[in-house]
Amino acid sequence: MSDASHPTDALLVQARATSRHTVDFADLLERLRCAAKATALPAHAAFNKEQGIFYAYVFLDARSELDKALTTTLESDLQLRWPALTELRISRLERVFDTAGASAGATPVFHYVVEMDPEAGWMPQLADWYDTEHMPGLAKVSGCIRASRFLNHDHGPLSLACYDLVSEETLGSPPWLAVRGTEWSSRMRPRFTNTLRTMFEVLPGR
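In what follows, the accompanying structure is described. (Residues numbered from 1 in each chain as written. Predicted model: local features only at pLDDT ≥ 70, side-chain atom pairs only at ≥ 80, totals over all residues. Heavy atoms only, no water.)

1. Quick word on the pattern of salt bridges
Step number 1: Within this structure, the stated rule accounts for nine salt bridges.
Step number 2: Residue arginine 95 pairs with aspartate 9 through a salt bridge whose shortest N-O separation is 3.8 Å. Remark: aspartate 9 occurs in strand 1 (residues 6–16) and arginine 95 occurs in strand 5 (residues 86–100); sequence separation between them is 86 residues.
Step number 3: Classification of arginine 95 as partly exposed rests on a relative accessible area of 27%.
Step number 4: Among the ionic pairs, arginine 149 bridges to aspartate 131, the shortest N-O distance being 2.9 Å. Residue arginine 149 is found in strand 7 (residues 144–152), and its partner aspartate 131 is found in helix 3 (residues 123–139); the two are separated by 18 residues along the sequence.
Step number 5: We classify arginine 149 as buried; its relative accessible area is 2%.
Step number 6: Its relative accessible area of 21% is what places aspartate 131 among the partly exposed residues.
Step number 7: Residues joined by salt bridges that share partners form a network here, namely Asp9, Arg63 and Arg95. (Salt bridge = Lys/Arg side-chain N within 4 Å of Asp/Glu carboxyl O. Helix = DSSP H or I, 4+ residues; strand = E, 2+ residues; numbered from the N terminus. Buried < 20%, exposed > 50% of the residue type's maximum accessible area, 1.4 Å probe, protein only.)

Taken by themselves, the reported measurements are silent on function.
In structure tokens:
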């Protein structure tokens, strides 16, 4: 986490709650959008029922330099309004990769997120693999609508890769597994630390 300003393309809102708070969370997102003078892209608010975790992305109209004071203030204001939401955090995200997938234009049903910190000294190699082979390859798999990767400048892990999917089964399809099973992938994946892999259901009406 850093108090310095960082290039920011989106704000990531994370919180824990039960499913009955999804309507409240939609209201929370609208208030955040207004506070940040941002536009929320469709299909980027999602919920993991098993863990009770919300992830939602509020995209700025243009890349901006934001400092930590903004997100800290927003966190405090929103937590006061929705005390039932626990572990509410807002992070500044810097986009480093983004591409439409093979199923671009389809309605997202699932949102898959892989977060990790690179092993010390391995960030350049991991970024090269991620953005040159891995994410372009996964984006080309039928069932993948969009593939994006961000740097999380606040509540890490640092690298956040996310995929909008037509079906949860996309992850087990032979083309997806083939991309994951390349020789380059086998060399890079052991360099992940603090890895989080989470499958979310996209909230309707976002």
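Past the structure itself, the notes keep going.
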